[in-house]
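Letter by letter, the chains look like this.
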Amino acid sequence: MTIDWTNFTPWTSLAGGILIGIAAALFILLNGRVLGVSGILGGLLPPKAGDAGWRIAFLLGLFCAPLVFRFLAPASFVHAPRIDASLGLLIAAGLLVGFGTRYGSGCTSGHGVCGISRLSPRSIVATLVFMGAGIATVFAVRQLF
Amino acid sequence: MHRITEFLIGLLFGLGLLLSGMTDPAKVLGFLDLFGLWDPSLALVMCGAIGVGFFAFALVKHRTTNLLGGALHLPKARQIDRRLLIGGLLFGVGWGLAGFCPGPALVSTAAGEIKALVFVAAMVVGMVLYGWVDRRA
């Protein structure tokens, strides 16, 4: 392991993490729900009567974030995402992420942030599994092939 | 009223993802590249988020309602079962292949990235496929 000091962004990452934590905190405190994006989206497939409005409101807010970010943040903070994967790989990855997050009842937000925050053994195990699988996959792609 | 707070919380969450670097797949893959050139930034995202979230969940732990008196929907599942492990494994492989997890992929799609849209379309198909498998199980 070598630390990538040139790309290390401790302050913006910590600040962004705190905003994510505040959002998750407000969601459980004011709306009584766990902020888990895969569950919020998956619950709309298909939508159920009386259970769709809050999901759509949250997702609309999420969709407005890039526009608001461009308006609020200094220009040096606004970066286009660097997506190196080919279209075929993006499709395979999307299928795995979509199916896997629903099958395993959560993703980085639901298990990783909220689940660990409430010290849920299930979420701690899930996070270790998906982080471990992600690390193993990047190792395989970059070092073995 | 609730629709407004949900909208604003979604917005705040998205701003956090953008500021943190989570919406940049190359940065996410740099974090997952533990055995190569490792960018530890996303560990700080987790620390910041959990550092705040911990107190909120501790506050509701012994409550039966949220702070506004409404229902509290906490997960009831306790078991570490095959589904949790296999689901996490499949998700992790997909995450490691593209560097996208669900929230950041939606935000990057909203930013107009066509490749993120392709990922999200496949992700939605994967979620629908889950619904199909789940109904048959």
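What you see is a predicted model; the values in this text were computed from it and never measured. Counting restarts for each chain, with residues numbered from 1 along the sequence as it is written. A letter from A marks each chain and a number from 1 marks each ligand, given out in the order of writing. Restriction of local features to residues with pLDDT of at least 70 applies here, the model being predicted, together with a cutoff of 80 or more for giving and counting side-chain atom pairs; totals for whole chains, interfaces and linings are based on all residues. Only heavy atoms go into the side-chain values, all of them from the structure, while hydrogens and water stay out.

*Asks:* Explain the layout of surface pockets here, please?
*Replies:* Empty space among the atoms becomes apparent when a probe as large as a water molecule is rolled across them. Each pocket or cavity is described by its volume, and for the largest pocket that value is around 820 Å³. Lining the largest pocket we find 34 residues, and of these Gly39, Ile40, Arg102 and Ser105 of chain A together with Pro75 of chain B sit closest to its centre. The helix count covers DSSP runs of H or I at least four residues long, the strand count covers runs of E at least two residues long, and both are numbered beginning at the N terminus. Every element with two or more residues in the lining of the largest pocket is listed here: helix H2 (37-42), helix H3 (53-72), helix H5 (108-117) and helix H6 (121-144) of chain A together with helix H6 (114-136) of chain B. For the lining of the largest pocket, the element with the most residues is H6 of chain B, which contributes 5 residues. Under the grouping applied here, Gly and all other residues not named as nonpolar or charged are polar, the nonpolar ones being Ala, Val, Leu, Ile, Met, Phe, Trp, Tyr, Cys and Pro and the charged ones Asp, Glu, Lys and Arg. Of the residues assigned to the lining of the largest pocket, the class counts are 10 nonpolar, 14 polar and 10 charged. Grid points spaced at 1 Å and placed over the protein atoms alone form the basis of the search, with a cavity being a set where a 1.4 Å probe fits but cannot get out and a pocket an open set showing protein on both sides within 12 Å along at least five of seven lines. Lining residues have an atom within 4 Å of a point. Grid points are joined across faces, edges and corners, and a volume is the space filled by probe spheres set on the points. Put simply, the second largest pocket is a space of about 460 Å³. Residue lining of the second largest pocket: 24 residues in total, with Phe77, Val78 and His79 of chain A together with Leu18 and Thr23 of chain B positioned closest to the centre. Residue assignment for the lining of the second largest pocket shows that the elements contributing at least two residues are H3 of chain A together with helix H1 (2-20) and helix H5 (102-110) of chain B. In terms of residue class, the lining of the second largest pocket is built from 10 nonpolar, 9 polar and 5 charged.

*Asks:* What am I meant to see in unusual backbone geometry here?
*Replies:* Across residues other than glycine, the phi torsion is negative in most instances, and most of the peptide bonds are trans. Residues and elements named next belong to chain A. Going from Leu45 to Pro46, the amide bond is cis rather than trans, its omega being 0°. Following the sequence through the fold, Pro46 ends up in the loop between H2 and H3. Located in the positive-phi region is Ser105, a residue other than glycine, with phi close to 60°. Within the element layout of this structure, Ser105 appears in the loop between helix H4 (87-103) and H5. Phi angles above zero are rare outside glycine, and Leu119 is one such case at about 55°.

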